[in-house]
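So you can see what is in the structure, the chains are spelled out below.
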Amino acid sequence: MRPSAPDPAVAGGGEPTDLVLGPAPEAVASVFGDRAADATRYAEILAGPGVTRGLLGPREVPRLWERHILNCAVVGELLPADIRVCDVGSGAGLPGIVLALARPDLSVTLLEPLLRRTLFLDEVIDLLGLENVRVLRGRAEEFAGKERFEVVTSRAVAPLDRLAGWSLPLLRSGGEMVALKGGSAEAELAESAELLAKLGATRWSVQMIGAGIVEPPTTVIRVGIDEEIQIRSAKKSRPRNRRPGR
C-alpha cells in the first residue's frame, strides 16, 4: 500500500487564482451520483493547485464545470460496463479521473509521460480514494503490445493522425479509440481517413454527446478496430533514449 500522499491543495503552493470556481451545476448530481462530492472536490483541486502547478490555465476556472468536467463525464455514455480504459496523455486527469468518478465500474489507467503530472495524478487518486484508477508514466508507444484496453480516450493531446498512431496499438480486438475534439472534428477525420485504414482501423465517425447535460454537447471522434494491431518489430516499439519528463 502506498504511503498517504500530501493533499494537493497543500502541496501546490503559490497564490490562489482571482478567478472563481462556480457552484456545481444540477447535472453533477445525476451524472456522478454517490461520487458527486468527490467530483466537486476534484473541481476544487483543479481550480486551486491545478492552476498553481500549471496543469490548468487560470482563465479556465470559471468554466471548469461545463467546459472540462461535464464535457468529459458525458463520454461515459459511450462506454460498455466493466471494461479497461486507458487515458492517453492524461495531464490533469481529463477525461480519465472524471470517467473513473462517473463510472466506478471502469478500470482506468492514466498514461502520462511527465513526472510532475504523474505526481499530481497520484495525489488526487489517493485524496479521492479512487481504487479503480492507476497511473503509468510513459508514452503510449512504450506500452504498445504490452498493455491492451477496450477503450483508449484522449483530450487535447495531438492531431488525429498522430493520436491514432499512439492509441490504436493499445486496443484489444473490437476496441475503440474515443478522442474528445472540437469543431474541426469532421474535417480532421476526413483528412485522416486514409491513414486510419492503413493503421488498421475498420470504422470511424464523429458523434455529439451529452445534449441536455452540457452545452454545447461534447464532440468525439470514435475509431474502432476489429483485430488487435500487432507491432511490426520490437525495435519499433522500443522507446528511444529521452530526457526524463519535467
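How each quantity is defined
- Residues numbered from 1 in each chain as written.
- Predicted model: local features only at pLDDT ≥ 70, side-chain atom pairs only at ≥ 80, totals over all residues.
- Heavy atoms only, no water.
- Helix = DSSP H or I, 4+ residues; strand = E, 2+ residues; numbered from the N terminus.
- Contact = heavy atoms within 4.5 Å.
- Areas by Shrake-Rupley, 256 points an atom, 1.4 Å probe, with all protein chains shown as cover.
- Expected span 1.5 Å × (residues − 1).
- Buried < 20%, exposed > 50% of the residue type's maximum accessible area, 1.4 Å probe, protein only.
- 1 Å grid on protein atoms, 1.4 Å probe; cavity = no way out; pocket = protein on both sides within 12 Å on 5 of 7 lines; lining within 4 Å.
- Points joined across faces, edges and corners; volume = space filled by probe spheres on them.
- Nonpolar A, V, L, I, M, F, W, Y, C, P; charged D, E, K, R; others polar.
- Pairing = 2+ DSSP bridges.
- Axes fitted to C-alpha atoms, helices over the stretch in contact; angles between N-to-C directions.
- Core = buried A, V, L, I, M, F, W, Y, C linked by side-chain atoms within 4.5 Å.

Asks: With reference to specific residues and values, describe the overall build of the chain.
Replies: On a plain count of helices and strands, the chain comes out with 11 helices and seven strands. Sequence separation of at least 24 residues holds for 70% of the intrachain contacts in the chain that already meet a minimum separation of 6. A total of about 12,100 Å² of accessible surface is found on the chain, and carbon and sulfur atoms cover 51% of it.

Asks: I'd like to hear about helix α3 (residues 36-47), residue by residue, with values.
Replies: The end-to-end C-alpha distance of α3 is 16 Å, a good match for the 16 Å that 12 residues give at a rise of 1.5 Å each. Every buried residue of α3 is listed here: A36, A39, Y42, A43, I45, L46 and A47.

Asks: I'd like a description of unusual backbone geometry, backed by residues and values.
Replies: With an omega of 10°, the peptide bond running from L94 to P95 counts as cis. Take P95: it is sitting in the loop between β1 (84-88) and α6 (96-102). In this chain, E215 is followed by P216 through a cis amide linkage whose omega measures -5°. Positive phi, close to 55°, is recorded for D82, a residue that is not glycine. Take D82: it is sitting in the loop between α5 (64-73) and β1. You will see that A156, though not glycine, has its phi angle at about 55°, which is positive.

Asks: Tell me about the side chain of T109, residues and numbers included.
Replies: Turning to its location among the elements, T109 is positioned in strand β2 (residues 107-112). Those residues within four positions of T109 in sequence are excluded, and the remaining contacts are V85, C86, D87, R134, L136 and F149.

Asks: I'd like a rundown of empty space enclosed by the protein, residues and numbers included.
Replies: With the rule as written, the count across this model stands at one cavity of 30 Å³ or more. There is about 30 Å³ of room inside the largest cavity. For the lining of the largest cavity, the secondary-structure elements that each account for two or more residues are β4 (149-155) and β5 (171-181). Residue composition of the lining of the largest cavity, by class: six nonpolar, one polar and two charged.

Asks: Talk me through the sheet that holds β2; I want residue IDs and the actual numbers.
Replies: The seven strands lie next to each other as β3-β2-β1-β4-β5-β7-β6, forming an open sheet whose pairing is mixed. Where the open sheet ends on each side, the last strands, each with one partner, are β3 (133-137) and β6 (203-209). Taking the axes of each pair of neighbouring strands and ignoring which way they run, one obtains an average angle of 20° across the sheet. For β6 and strand β7 (residues 218-224), the ladder comprises seven bridges, and the chain directions are antiparallel. Note on β7: the bridge partner recorded for M208 is T219.

Asks: Describe in detail α5, supporting the description with residues and values.
Replies: Most of α5 is tucked away: eight of the 10 residues are buried. Within the span of α5, buried status applies to L64, W65, H68, I69, L70, N71, C72 and A73.

Asks: Outline the nonpolar core, listing residues and values.
Replies: In this structure, F32, Y42, L46 and I69 are the most contacted members of the largest nonpolar core, which totals 52 residues. Of all the elements in the fold, those that place two or more residues in this core are α2 (27-32), α3, α5, α6, β2, α7 (115-128), β3 and β5. Look past the residues within four positions of I69 in its chain and what remains in contact with it is F32, A39, Y42, A43, L46, L64 and V98. With 24 residues, the next largest nonpolar core counts V88, L160, A164 and L196 among its residues.

Asks: Provide a residue-level description of the layout of surface pockets, including the pertinent values.
Replies: Gaps between atoms show up when a probe of the same size as a water molecule is rolled over them. As a volume, the largest pocket reaches approximately 1,000 Å³. Taken together, 39 residues line the largest pocket, and the ones lying closest to its centre are G89, L94, R155, A156 and V157. Secondary-structure elements contributing two or more residues to the lining of the largest pocket are α5, β2, α8 (140-143), α9 (160-167), β5 and β7. Considering each element in turn, the lining of the largest pocket owes the most residues, four residues, to α5. Considered class by class, the residues forming the lining of the largest pocket number 18 nonpolar, 11 polar and 10 charged.

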